[in-house]
Protein chains: 4
Amino acid sequence: MFIELDLQSETPIYAQLVDQIVEGIASGALQPGDPLPSVRRLAEDLGINLHTVNKSYNLLKQEGFLQVHRKKGVIVQPDGMPGVTEAFEEKLRRQLRSLAAAAAVRGMTEEVFAQESRSVYRNTITNHGGEQH
Amino acid sequence: MFIELDLQSETPIYAQLVDQIVEGIASGALQPGDPLPSVRRLAEDLGINLHTVNKSYNLLKQEGFLQVHRKKGVIVQPDGMPGVTEAFEEKLRRQLRSLAAAAAVRGMTEEVFAQESRSVYRNTITNHGGEQH
Amino acid sequence: MFIELDLQSETPIYAQLVDQIVEGIASGALQPGDPLPSVRRLAEDLGINLHTVNKSYNLLKQEGFLQVHRKKGVIVQPDGMPGVTEAFEEKLRRQLRSLAAAAAVRGMTEEVFAQESRSVYRNTITNHGGEQH
Amino acid sequence: MFIELDLQSETPIYAQLVDQIVEGIASGALQPGDPLPSVRRLAEDLGINLHTVNKSYNLLKQEGFLQVHRKKGVIVQPDGMPGVTEAFEEKLRRQLRSLAAAAAVRGMTEEVFAQESRSVYRNTITNHGGEQH
DNA sequence: GTGGTCTAGACCACT
DNA sequence: GTGGTCTAGACCACG
């Protein structure tokens, strides 16, 4: 796996895991239908607790990014990703607002902020593209 | 006060307070040198504990957004806001990356994402400008 | 533990704790990566409140002397200590100025004052060195 | 007066006043027997509270740096300054220890630390010299 | 009256 | 069991 955890970070490990898997999907490194390591396997590889991996997988399942089959194990959602729900829009805006305010106070202009957003988006997609759904 | 807290939210109260005060500064509702309510006062107004407000004020003080003036009490930094440090850039990018990935997976295009960022930025500034140095 | 607190002192307990931990690092008694007692544990050992220890740990974390590791708990900064920042130089000079003035007024010569500084420095390092980067 | 107060500082105003007066004596700007402004006068000049000035003067009187006469008002100790008491030595060492440890941890060498101390001492004396007592 | 400090006790998220 | 968060009540230094 391409996953790197920062045990010193203040973001919980399970959240870091979620983020990195989502980024993996966004970048195309993980394609719809692709299998993910089993809970046990991944936990061992990363040197973390089973519960932690489990929590991440469950969250991703709830969001519709993953499917969990008894047989196939865990795979990336093959039937189309969730799409931009209202809940997501709201969450996105709420977080952007917080970031934008901090940026503005520190003197970062609208132009730079928007450009920063664009370039970060582009970099997360590099390898391929996020035209799922 | 213009502050609204969601006591049920999973984001800590103190963090919400920090965000809203920063947004207040960004929007111009709070001008450099402006006094903020005393910890006791604000705590009572918001129906929360004094220590929670204190924690928020302290964080903002450490970041350089607020100062404790021995006569005026707590005031908005009058001597120029912190500016875009490398640490801030990094934090900004890290958070943007997470948002961008989720957006991309859900099918939101780069264009829409950047536009969203821009419009959110603009809305936080509405009232008036961010002429920090 | 090697920590001694003076509960009657006018310097806050949390500040004494901070000082002693820094001295522990300087003397080599605490090595980079070494774990510190949990807040609860140390609080109990010292007979003080958990929050007081917490405050000290937090300050040291913000200064970059400690880290919170999600598995090891609180540890001494393993990735290199902060270094001599301008802010630190300023604080150092401000405090030295106050001490030097009092010393001078009482008739202590420059030579003695400098020698005193040197010998105190040497004594804090005794056990072993300060090979921070 | 040559006194500058920093109302944003975390050092209490009365302590800043004490420091600056001691520095004034150390530098020779204030000579033994020299009169100081009355409590009222100084308070007004500095825009601070009477009690604050009073507290500073009292502390300096207790330490033996000032004399308070009903007639002459407040004057700089004309009968020889206190000298290096054991209590002072202890306080000096305690504070130096804290500074030295922080300096050492940040990588400042003994040589630099001692040199810093020496140069700060020299600068506080510039105008004249502290050979009282 | 203000912020700073300390104590005490409680719940929760995380691992 | 760990750190993080929140509440509650209290004392003190400061101005």
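Residues numbered from 1 in each chain as written. Chains lettered and ligands numbered in written order. Predicted model: local features only at pLDDT ≥ 70, side-chain atom pairs only at ≥ 80, totals over all residues. Heavy atoms only, no water.

**Concerning the domain arrangement of chain A**
As assigned here, chain A comprises domain 1 (13–76) and domain 2 (86–125). The C-alpha-based centres of domain 1 of chain A and domain 2 of chain A are spaced at 26 Å. (Domains from an automatic or database assignment.)

**Thoughts on the protein's contact with DNA strand E**
Within the structure, DNA strand E sits among 23 residues, and A:Lys55, B:Arg40, C:Ile13, C:Tyr14 and C:His51 are positioned closest to it. Counting only the atoms of DNA strand E that lie within 4 Å of the protein, the sugar and phosphate share comes to 65%. With respect to DNA strand E, the side chain of C:His51 contributes an N or O atom lying 2.7 Å from a base oxygen. Between DNA strand E and C:Lys55 there is a distance of 2.7 Å, counted from a phosphate oxygen to a side-chain nitrogen or oxygen. Elements that contribute at least two residues to the surface near DNA strand E include exactly helix H1 (13–27) and helix H3 (50–63) of chain A, helix H2 (39–46) and helix H3 (50–63) of chain B together with helix H1 (13–27) and helix H3 (50–63) of chain C. (Near = heavy atom within 4 Å. Polar contact = N/O pair within 3.5 Å; in protein donor to acceptor, adjacent residues only side chain to side chain. Helix = DSSP H or I, 4+ residues; strand = E, 2+ residues; numbered from the N terminus.)

**Quick notes on the side chain of D:Thr124**
Relative to the elements of secondary structure, D:Thr124 occurs in helix H5 (residues 110–125). In this structure the side chain of D:Thr124 is engaged in a polar contact, spanning 2.9 Å, whose partner is the backbone oxygen of D:Tyr121.

**Notes on the pattern of salt bridges**
This structure, assessed with the given rule, holds 28 salt bridges over all chains. Where B:Arg41 meets B:Asp45, a salt bridge forms, and the shortest distance between an N and an O atom there is 3.6 Å. Separated by four residues within a single helix, B:Arg41 and B:Asp45 lie in helix H2, roughly one turn from each other. In this structure B:Asp45 comes out as partly exposed when scored by relative accessible area, which is 45%. Among the ionic contacts, a cluster of salt bridges with common partners joins A:Glu110, A:Glu111, B:Arg118 and B:Arg122. (Salt bridge = Lys/Arg side-chain N within 4 Å of Asp/Glu carboxyl O. Buried < 20%, exposed > 50% of the residue type's maximum accessible area, 1.4 Å probe, protein only.)

**Here we look at the interface of chain B and chain A**
Between chain B and chain A, the contact holds 45 residues from the first and 46 residues from the second. Carbon and sulfur atoms supply 66% of the area buried between chain B and chain A, which totals about 4600 Å² over both sides. On the chain B side of the contact with chain A, B:Val105, B:Arg106 and B:Tyr121 bury the most area, a combined 20% of that side's loss. Here chain B is connected to chain A by ten salt bridges. As a salt-bridge pair, B:Glu111 and A:Arg118 come within 3.0 Å of each other at their nearest N and O atoms. Between the two partners, chain B and chain A, sit 19 residue pairs in polar contact (both at pLDDT 80 or more). (Contact = heavy atoms within 4.5 Å. Buried area = accessible area lost by both parts, 1.4 Å probe.)

**Considerations on the relation of the copies chain D and chain C**
For the pair chain D and chain C, the best superposition has an RMSD of 0.4 Å and corresponds to a rotation of 180° with a translation of 0.1 Å parallel to the axis. Classification of the inter-copy transformation places it as that of a two-fold axis. Measuring from the rotation axis to each C-alpha of chain D, the shortest distance belongs to D:Ala114, at 2.8 Å. Interface overlap between copies is the fraction of interface residues in one copy that are interface residues in the other; for chain D against chain C it reaches 98%, indicating a shared surface. (Least-squares fit on C-alpha atoms with pLDDT ≥ 70 in both.)

**Focus: the interface of chain D and chain C**
Contact residues are listed per partner, giving 45 residues for chain D and 45 residues for chain C. Between chain D and chain C, roughly 4600 Å² of surface is buried when both sides are summed, and carbon and sulfur atoms account for 66% of that area. By the criterion of area lost to chain C, the three top residues of chain D are D:Val105, D:Arg106 and D:Tyr121, representing 20% of everything that side buries. Linking chain D with chain C are ten salt bridges. Applying the counting rule to chain D against chain C returns 19 residue pairs in polar contact (both at pLDDT 80 or more). Elements that contribute at least two residues to the side of chain D that touches chain C include exactly helix H1 (13–27), helix H4 (86–105) and H5 of chain D. In terms of residue count, H4(D) provides more of the side of chain D that touches chain C than any other element does, 15 residues in total. Broken down by class, the residue content of the side of chain D that touches chain C amounts to 23 nonpolar, ten polar and twelve charged. (Nonpolar A, V, L, I, M, F, W, Y, C, P; charged D, E, K, R; others polar.)

**Section: the protein's contact with DNA strand F**
Taken together, 24 residues are adjacent to DNA strand F, and B:Ile13, B:Tyr14, B:His51, C:Arg40 and D:Lys55 come closest. At the protein interface, 66% of the atoms of DNA strand F within 4 Å belong to sugar or phosphate. Here a sugar or linking oxygen of DNA strand F and a side-chain polar atom of B:Arg70 are 3.3 Å apart. Measuring from a phosphate oxygen of DNA strand F, one finds a side-chain N or O atom of C:Lys61 at 3.2 Å.

**Comments concerning the environment of B:Gln16**
Residue and element names in this part refer to chain B. Relative to the assigned elements, Gln16 resides in helix H1 (residues 13–27). Note on Gln16: relative accessible area 10%, which makes it buried. For Gln16 and Leu5, which are eleven residues apart along the polypeptide, the C-alpha to C-alpha distance reads 6.7 Å. When sequence neighbours within four positions are dropped, the list of residues in contact with Gln16 reads Glu4, Leu5, Asp6, Ser9 and Thr11.

**Describing the relation of the copies chain B and chain A**
When chain B is brought onto chain A, the operation consists of a screw motion whose angular component is 180° and whose axial shift is 0.1 Å, with 0.4 Å RMSD remaining. Taken together, the interface assignments show that 100% of the residues at the interface of chain B recur at the interface of chain A, consistent with an identical surface on both copies.

**A word on the side chain of B:Ser27**
All names here are of chain B. Along the polypeptide, Ser27 turns up in helix H1. Classification of Ser27 as buried rests on a relative accessible area of 8%. In terms of polar contacts, Ser27 uses its side chain to reach the backbone carbonyl oxygen of Gly24, at 3.1 Å.

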